[in-house]
Every structure is written in structure tokens, then in C-alpha cells.
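Each chain, letter by letter, is given below.
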Amino acid sequence: MALSGRNCLLGNLHQSTFTCVSSISDTEAVICSDSGVVCFLDDSNNQQKLQYVKRFDIGVSSVVVDSNSGFIWFGGRSRQLEKCSIDEMRSSPMISPTSANIDTQPCPTPKKASIVSMGIIDTHMITVDSSRTLRICPLDPLSKDNIESVADVSVSAHRDSVLGISTVETPNSKSSDFFTWSCGGTVRFWNVNGTCCDTYKVDLEQISDEDEDANELKVLRATGGIKMFVSGDRYGVVR
């Protein structure tokens, strides 16, 4: 969704780096930054509004919405988690980023790996951190910083940087519950027990031999039953 009037992202947020976004409904989304700032995007009645809601001290790097429980989970530095209810997000006093007194200083350097991607399957949370470790944790006992102690599964996900997690409809041809993808185009299908059910490689066209200009797989989505994939790469090519 393109924001009409890019200056709505500036003001006191002009030095923030926005790291993740997740939709709440067809007209609502939550947007987060590396300084922990959380903003609410409302496009109801075709009048886009981006407003500051709150700030967490974990430096948010990933977000996932659990519609079944009505909560939004935020993942950040040192594998820490925060959450708030969707109702709280909608009812919180909302302030324009241009007028809010917002602390946008970078969060301290993490002592542990940061959570870079999250997903929810029924009663379990799936996380992947910057050390490429995949964890599957029951939601009920999960709190701010106990992700390691409550994890049912902890395995190495990929050899290169993991960029996303997506759940899939079951049953499917891979007998999997979700898949992860890495920057190099590797896709791995997992079940909720942490078993890798299959691996797939997305072809990436390279037009440069320089590492800083190398193409990467950025976005991957699957249709129902994993019958078809749609991918988007760093060069802006959709296949």
C-alpha cells in the first residue's frame, strides 16, 4: 500500500528505520522501527492515517498478528518479546508522528541474537533469530524474555540469513505446517515438531558479481496447498 503523502513518515520519526509491518485487517496495519517505535496505519474510509502509538525498549525487528487470540507480538533484540492486544492498539491515544515527543535513539547493542522473523500456528509461536536458529514455543507460557527456556524445538534453520516465515494450509503435498526462506533462495518446509519435510530452491538472476549488489530473495508466498509460489527479489522482479 502506497502512503499518500510521504511526509507522514517524517517529523520526529525521520531518523527511524522502519523494520517490519503486519496487517491487522483489510484497512489497518501496524508498522515498527528499530528504535522500538510502533505506529498504527488506518486506511478506513480511504483516508490514510499513520499515527504513533507506543514505544518498546527492545528495538522491534519483527511483528506478527494473532487474530485468534487478538494479540500482536513484537520481537526484538536479545530474543526479547512484547505483546499488546489489537483492541489496545486501536483504542490507544494516537498522536501524529510530527507532533509526538518520541525517543528514537537506537537501542543498545544486543547481548544475544535478535528475532528477525515470527509466525504463529494455532497454539505455538515460531521465531527465527539473527543466529539462524528456529524455535517453536507454546504460546501460553511465553513472555518477554523466556523464549529459550520454554522452546519445545530449537534447530538451525538455514546456512544463510533467514528473511521470512509463512504458515501454509494443511493438508498439503509437503506434509508441512510452515516454511522459511533465506536470502540465497533456499526454502525449507517444516512441521510443528521442528522436522524439515522438504527443501526447495528459488532461482535468482544475478547481474553482478559484487556481494553488495547480489540479488536476494526478499518475499515468498504460497497458494493454498502449496500448489504455486510467488516470489519477489531484491531487483524488484516478481515471479
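Here we summarise the structure given alongside this text. (Residues numbered from 1 in each chain as written. Predicted model: local features only at pLDDT ≥ 70, side-chain atom pairs only at ≥ 80, totals over all residues. Heavy atoms only, no water.)

### What to know about the sheet that holds strand E3 (residues 37-42)
What the four strands build is an open sheet, ordered E1-E2-E3-E4; its pairing is antiparallel. Both outer strands of the open sheet, strand E1 (18-25) and strand E4 (49-55), are each paired with one neighbouring strand and no more. Shown here is a sheet whose adjacent strand axes are inclined to one another by a mean of 25°, direction ignored. Two elements, E3 and E4, share six bridges in a ladder whose sense is antiparallel. (Pairing = 2+ DSSP bridges. Helix = DSSP H or I, 4+ residues; strand = E, 2+ residues; numbered from the N terminus. Axes fitted to C-alpha atoms, helices over the stretch in contact; angles between N-to-C directions.)

### Examining the packing of aromatic side chains
Counted by the stated rule, this structure contains six aromatic pairs. Aromatic side chains phenylalanine 189 and phenylalanine 229 sit 6.0 Å apart centroid to centroid with 50° between the ring planes, which places their arrangement in the tilted category. You can see phenylalanine 189 sitting in strand E14 (residues 186-190) and its partner phenylalanine 229 sitting in strand E17 (residues 229-233), a full 40 residues away along the chain. Residue classification places phenylalanine 189 among the buried residues on the basis of a relative accessible area of 0%. Taking relative accessible area as the criterion, phenylalanine 229 reaches 21% and is therefore assigned partly exposed. An aromatic cluster of three or more residues is present, and its members are Phe179, Trp181, Phe189, Tyr200 and Phe229. Above the face of the phenylalanine 71 ring, lysine 83 is positioned so that its terminal group lies 4.4 Å from the ring centre. Taking NZ or CZ as reference, lysine 174 lies 5.2 Å from the ring centre of phenylalanine 189, over its face. (Phe/Tyr/Trp six-rings, centres within 6.5 Å; stacked < 30°, edge-to-face > 60°. Buried < 20%, exposed > 50% of the residue type's maximum accessible area, 1.4 Å probe, protein only. Lys NZ or Arg CZ within 6 Å of the ring centre and 35° of its normal.)

### Observations concerning the sheet that holds strand E12 (residues 162-167)
Strands in a sheet are paired, the pairing made by backbone hydrogen bonds, and the direction either parallel or antiparallel. Within the open sheet, the four strands sit side by side as E12-E13-E14-E15. Their pairing is antiparallel. Two strands bound the open sheet, and with one partner strand each, they are E12 and strand E15 (196-201). Taken over all neighbouring pairs, the strand axes of this sheet differ in orientation by 20° on average, direction set aside. Pairing of E12 with strand E13 (residues 178-182), which is carried by five bridges, proceeds in the antiparallel orientation. Bridge pairing in E13 links glycine 164 to tryptophan 181.

### A closer look at the pattern of salt bridges
A complete count under the given rule lists twelve salt bridges for this structure. With its nearest N and O atoms 2.8 Å apart, the salt bridge here joins arginine 79 to aspartate 129. Here arginine 79 is found in the loop between strand E6 (71-75) and strand E7 (81-85), whereas its partner aspartate 129 is found in strand E9 (residues 124-129), with 50 residues between them in sequence. What makes arginine 79 buried here is its relative accessible area of 12%. A salt bridge links arginine 239 to glutamate 205, with the nearest nitrogen and oxygen atoms 3.6 Å apart. You can see arginine 239 sitting in the segment after E17 and its partner glutamate 205 sitting in the loop between E15 and strand E16 (217-222), a full 34 residues away along the chain. Judged by relative accessible area, which is 45%, arginine 239 ranks as partly exposed. Several salt bridges converge on common partners, so that one network encompasses Arg79, Lys112, Asp129, Arg135 and Glu148. (Salt bridge = Lys/Arg side-chain N within 4 Å of Asp/Glu carboxyl O.)

Geometric values such as these leave the question of function open.
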